[in-house]
Amino acid sequence: MKKPVIGISGSEVTIQAGPFMGEPRTYVNAAYVDSVYQNGGIPLVIPFTKGGEEMALEQMKLVDGLILSGGHDVDPHLYGEEIDQKSGATWPDRDQFDIALLKAAEGANKPVLGICRGAQIINVAHGGSMWQDLSLRPGHTLKHMQATRPDVGTHLVKIKSGTNLEKIMGQSSLMTNSFHHQVIKEVAPDLVEAATASDGVTEALESDDGQVIAVQWHPEEMHANPAPEAAIMNRLFKNLIDRANEEK
Ligand code: MN
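*Asks:* Talk me through the pattern of salt bridges; I want residue IDs and the actual numbers.
*Replies:* What the rule picks out here adds up to 8 salt bridges. A salt bridge links R117 to D95; its shortest N-O distance comes to 3.0 Å. Taken together, the residues R117 in helix α4 (residues 117-125) and D95 in helix α3 (residues 92-107) connect sequence positions 22 residues apart. Judged by relative accessible area, which is 0%, D95 ranks as buried. Note that D151 and R149 form a salt bridge whose closest N and O atoms lie 2.7 Å from each other.

What follows is the structure in structure tokens.
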């Protein structure tokens, strides 16, 4: 049986030295690719294009499931706000690319795993909003942009009882890494908050039927760490690949 193909939304990085200095290069962090490969899927990087919905539909025909990867802050104009001083770099064209991939995946009933920015764009695409910086959120907030290396969890995440995420992870809490300076403000009306950090920050979202799972942390950076509390992150990728296999 053919393994399911998992598309990973690509970003661009500007080349810093050499003859092509200043040119954009298509990339994803290799940890995404390895997470799919190690859990039985065929990884395929989906390059950013300006081809809009038409291109996204064609790109999504090539894959059985989608990972929306990390990156830039979502453009606040998409949820009706101007850009605050503390907001990070935005890339409106990539927002349109990711949203088009998401809609194409949803339209074709292909499973989606959103990671970090991926979770944020899923929330905004469905009508939710963001705190543009951790410091703007009322109340006490933990360190969500960790200084510790990425394969180590630094804050606790409590998974809500009865959620799809609880079934996937098989436990009610876990330690996750954390590399986000923005925080989900309003959860989109048709999504469910599936997990929170101890300070109440939303750490995971999902659709009722479990087609869309979104996590604010970076499971791909922890998957190769053999410590049991890190290796558990492979369950997110295994689950995505299992779901893609069913839909194929
Ligand atoms: Mn966090």
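*Asks:* Just give me the short version of the pairing of strand β5 (residues 65-68), but keep the residues and values in it.
*Replies:* Residues of β5 alternate between two faces, with G65 and I67 on one and L66 and L68 on the opposite face, all of them buried. Across 3 bridges, strand β1 (residues 5-9) lies against β5 in parallel orientation. Opposite G7, over in β5, you have L66 as the bridge partner. You can see the chain leave β5, run along α3 and come back into strand β6 (residues 112-115), and the turn it takes is right-handed.

*Asks:* Which residues make up the coordination of the manganese ion, and what values go with them?
*Replies:* Bound to the manganese ion on the protein side are H144 (ND1), H155 (NE2), S178 (OG), H180 (NE2) and E203 (OE), at distances that span 2.2 to 2.3 Å. Spacing between the donor residues of the manganese ion along the chain follows H-x10-H-x22-S-x1-H-x22-E. Taken together, the residues span a long stretch of sequence, with H144 in the loop between β7 (130-131) and β8 (155-159) and H155 in strand β8 at a distance of 11 residues. There is no split in this pair, since H144 and H155 are both buried.

*Asks:* Give a description of the packing of α3 against α4 that names residues and reports values.
*Replies:* Interaxial distance between α3 and α4 falls to 10 Å at its minimum, and their mutual angle equals 75°. Classed by the angle they form, the pair α3 and α4 counts as roughly perpendicular. Of the residues in α4, those touching α3 at R94, D95, D98, I99, L102 and K103 are R117, I121, I122 and A125. Its residues assigned to classes, the contact of α3 with α4 comprises 5 nonpolar, no polar and 5 charged.

*Asks:* Describe the sheet that holds strand β4 (residues 42-46), and please don't skip the residues or the numbers.
*Replies:* Pairing is mixed in the open sheet, where 9 strands are placed in the order β4-β1-β5-β6-β13-β12-β11-β8-β9. This sheet does not close on itself; its edge strands, each paired only once, are β4 and β9 (173-176). Neighbour-to-neighbour, the strand axes of the sheet open up by a mean angle of 20°, direction not taken into account. Sheet topology places β1 next to β4; 5 bridges connect them, and they run parallel. Paired with S9 across the two strands is I46, which belongs to β4.

What counts, and at which threshold
- Residues numbered from 1 in each chain as written.
- Predicted model: local features only at pLDDT ≥ 70, side-chain atom pairs only at ≥ 80, totals over all residues.
- Heavy atoms only, no water.
- Salt bridge = Lys/Arg side-chain N within 4 Å of Asp/Glu carboxyl O.
- Helix = DSSP H or I, 4+ residues; strand = E, 2+ residues; numbered from the N terminus.
- Buried < 20%, exposed > 50% of the residue type's maximum accessible area, 1.4 Å probe, protein only.
- Pairing = 2+ DSSP bridges.
- Right-handed = clockwise from strand over helix to strand, strands pointing away.
- Donors = N, O, S within 2.8 Å, 3.2 Å for Na, K, Ca; no water.
- Axes fitted to C-alpha atoms, helices over the stretch in contact; angles between N-to-C directions.
- Parallel < 35°, antiparallel > 145°, perpendicular 65-115°, else oblique.
- Contact = heavy atoms within 4.5 Å.
- Nonpolar A, V, L, I, M, F, W, Y, C, P; charged D, E, K, R; others polar.

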